[in-house]
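# Residue-level structural notes
Residue-level listing of the chains:
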Amino acid sequence: MSRLEAKKPPLFISKPLTRDAVSQSLSLLSGILKSSYGPAGRLKQLHNGVGGCVCTTSQSSALLGHLSLSQPVLRVLAASVRNHVSRFSDCGLFTAILCCGFIENFRSLNVAPFTVIKISKHLLSLCMDHLKSEACGCRVSVDFSSVETLVCLVRSILTSKPACMLNKTEVDHLTSLVLKAFIFTVPCHVETNAVLGKCVVIPVKGRRVVDSTVLPGLLIEAPEIQVGKPLAVRRTSSNVIKIALFSVSMSGDGSNHEEGTIAVHPGVSLEVSELNQLLNVGKQLVKDEVGLVVCQKVMHPSLKQYLKEHGVVAVDRAGLSLMEPLGRVTGNRPPIASIHSLSPGCYGSLEDLCLESFASKHFLHLIPGDTVICSLILCNRSETAWDELKRVCETAEHVLQLTVKEPLALLGGGCTETHLASYIRHKSSSLPASTFQDLGCSQTQYQLVADGFCRSLESVARSLSHDGEEVLTDVVYGHCWLVPSGSPCVSRWSDLVSRCGCGVSGNTEDLSWSFLQGHSGTPVLQGCPKEPSVKVTDLRTLDCFAAKCSGLQVALETANLILDLSYIIEDQN
């Protein structure tokens, strides 16, 4: 009998944020995230040390997905950020950096965590009220009757990830493709509950980015179909192509049977019986004038040959990921889940079916009459750059969908963060005494937490500087400005800066710049930041309104959760 080890008692860690190991890990993670932020962010190469693929990225989803985090506090932070990214696709690094900033700035205050949490929630409500008000100076309305704002929004996303390795021509080309693909997914006939379509990304690696293109409808890779010959496909009397979409295996190997015992009579071959049943399905499909059969799984070669002889195009191994867009292309019909009965209403329809060749790949192009599905053939020179580009294009599509629901955007380039910090400093200095009484804190405590809140926002803007640039803010609009490193000493900052990070403000006005707090010098006490006159043609960078608002809330809620931790209990068995 093997010796049994006695169970170990659980490990209790009190006040985890006061421990050096946690502080060092948090500081290291914050440094990794900050150095990855923005268009000039530094790339990270991630691998597991024992082989396998290497990931080169600066995206939060890839970074946090590949990093092995041993500290429970960091795992909570990473889980919150990844959950935010799963819902909004954008602003992951912003959320993570801001959360780290909140933790670092709040824990150093000589204020009880319970009080810090109450005050920070009040500050968050001030920010959200300001962002949702018409007077907000960092908010931009998105006009869908003009593409200029949408182009800026998509371009900002594409240029934010240097691992895509795109030049200006490629950025412009992909911006137009992403917008075109998004327009394809918008229904032409809007009903009460309109549902946006889907863009399916088709990978083509080793080709130029400018070779990428977008097509309405759906492309299915079909290597077995000969491209040189014309595609003869059966049509119904109304000149449409019937399609049968199967989610069940049609291989004839008995894989569709449920668990249990199958009784086979002597002299009866189970394989032959299965094949005969499949051929009967084929006969029914031919009788019902089906022109295209697509199977998610494997199709028996004899059935494929039978269908081919009767003018029916057959494609198998389509995969689970294509089932949903295939169903929508063919008229929102659910896939056929059984080969035992085929009802007349189980088929979908297409307007046309043709062959497309791209690089060395051959595709069937499914063209419906009214589609909200399109195919983006996405090219890039290397596999690493393609993987990063695919994530970026999917993010851009999701951001456009979010913008349809809430047609707003926020100024990018660090300007929203510095603007909010200016607004909070002004607002917190003029609150009535009743506010402090309601929160159960002193004015001094409120100002300490507000200052930490603002420094956390400004730390995100400072993270855009990777080459020693000086980071400034103006005292009129509260926007962010970068001064190139190695610039000569001048008497006026306006001689060195041309436009702010988002591009809205220029150096033609007397804006009285100052260093961001925490960098050097002391910021000038600012009044309420004014609202600049936004010209769409001046915009350089925009951020998704919904994603950034959510990121701000998630960052603070996660930081407050971590600040409120008294114990970590770990099972040692």
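Thresholds applied
- Residues numbered from 1 in each chain as written.
- Predicted model: local features only at pLDDT ≥ 70, side-chain atom pairs only at ≥ 80, totals over all residues.
- Heavy atoms only, no water.
- Salt bridge = Lys/Arg side-chain N within 4 Å of Asp/Glu carboxyl O.
- Helix = DSSP H or I, 4+ residues; strand = E, 2+ residues; numbered from the N terminus.
- Buried < 20%, exposed > 50% of the residue type's maximum accessible area, 1.4 Å probe, protein only.
- Pairing = 2+ DSSP bridges.
- Axes fitted to C-alpha atoms, helices over the stretch in contact; angles between N-to-C directions.
- Contact = heavy atoms within 4.5 Å.
- Patch = residues over 30% accessible without salt bridge, like charges linked within 9 Å, V, L, I, M, F, W, Y side chains within 5 Å.
- Areas by Shrake-Rupley, 256 points an atom, 1.4 Å probe, with all protein chains shown as cover.
- Disulfide = S-S within 2.5 Å.
- Expected span 1.5 Å × (residues − 1).
- Phe/Tyr/Trp six-rings, centres within 6.5 Å; stacked < 30°, edge-to-face > 60°.
- Lys NZ or Arg CZ within 6 Å of the ring centre and 35° of its normal.
- pLDDT = per-residue confidence, 0-100.

Counting across every chain of the model gives 18 salt bridges. Between arginine 381 and glutamate 170 there is a salt bridge, with the nearest N and O atoms lying 2.7 Å from each other. Highlighted residues: arginine 381 in the loop between strand S14 (373-380) and helix H11 (383-405) and glutamate 170 in helix H7 (residues 168-184), separated in sequence by 211 residues. We classify arginine 381 as partly exposed; its relative accessible area is 45%. Where aspartate 451 meets arginine 455, a salt bridge forms, and the shortest distance between an N and an O atom there is 2.9 Å. Remark: arginine 455 and aspartate 451 occur in helix H14 (residues 443-462); sequence separation between them is four residues, near one turn of the helix. Overlapping salt bridges bring together Arg425, Asp451, Arg455 and Glu458 as one network.

A separate point is the sheet that holds strand S5 (residues 198-205). If you walk across this open sheet you meet the three strands as S5-S14-S6, and the pairing is mixed. Each end of this open sheet is capped by a strand with a single partner; those strands are S5 and strand S6 (213-216). Direction aside, neighbouring strands of the sheet carry axes that sit 20 degrees apart on average. Pairing geometry for S5 and S14, over eight bridges, is parallel. Opposite proline 203, over in S14, you have leucine 378 as the bridge partner. In this fold H7 packs onto S5, S6 and S14, with an angle of close to 10 degrees to the strand it touches most, S6. Relative to the sheet, H11 contacts S5 and S14, its axis offset from that of S5 by approximately 165 degrees.

So, about a nonpolar patch on the surface. Taken together, the side chains of Phe12, Tyr567 and Ile569 make up a nonpolar region of the molecular surface, amounting to roughly 370 Å² of accessible area. Tracing the chain through its elements places isoleucine 569 in strand S20 (residues 567-570). The class for isoleucine 569 is exposed, based on a relative accessible area of 55%.

One pass over the structure, following the stated rule, counts zero disulfides. A disulfide-free cysteine, cysteine 99 has its sulfur positioned 5.9 Å from the sulfur of cysteine 100, the nearest such atom. Sulfur of cysteine 152: no disulfide; nearest cysteine sulfur belongs to cysteine 502 and is 9.0 Å away. The exposure class assigned to cysteine 152 is buried, which follows from its relative accessible area of 3%.

With respect to the helices, strands and loops of the structure, cysteine 55 is situated in strand S3 (residues 55-57). Residue cysteine 55 is classed as buried on the basis of its relative accessible area of 10%.

A separate point is helix H6 (residues 148-159). Taking 1.5 Å of rise per residue, the 12 residues of H6 would be expected to cover 16 Å, and the 16 Å separating its terminal C-alpha atoms lies within 8% of that figure. Taken across its 12 residues, H6 has nine buried, putting it largely inside the fold. In this fold, the buried residues of H6 make contact with strand S4 (139-141), H7, H11 and strand S19 (542-544).

Taken as a whole, this structure holds three aromatic pairs when the rule is applied. Considering the side-chain rings of phenylalanine 436 and tyrosine 446, the 5.4 Å spacing of their centres and the 65 degrees angle between planes classify their relative orientation as edge-to-face. Here phenylalanine 436 is found in helix H13 (residues 433-439), whereas its partner tyrosine 446 is found in helix H14, with 10 residues between them in sequence. Under the relative-accessibility criterion, tyrosine 446 is labelled buried at 0%. One Lys or Arg, arginine 207, reaches over the ring of phenylalanine 358 and ends 5.7 Å from the middle of that ring. The aromatic ring of phenylalanine 94 is capped on one face by lysine 548, whose charged end is 4.8 Å from the ring centroid.

Here the chain shows a mean pLDDT of 86. Residues at 70 or above account for 89%. In the predicted structure, residues 519-525 sits below a pLDDT of 50 and forms 10 contacts with residues beyond four places in sequence or in another chain.

In terms of burial, strand S8 (residues 241-246) is largely enclosed, as five of its six residues are buried. Sheet topology places S8 next to strand S11 (residues 348-350); three bridges connect them, and they run antiparallel. Bridging from a neighbouring strand, isoleucine 243 pairs with glycine 348 of S11.

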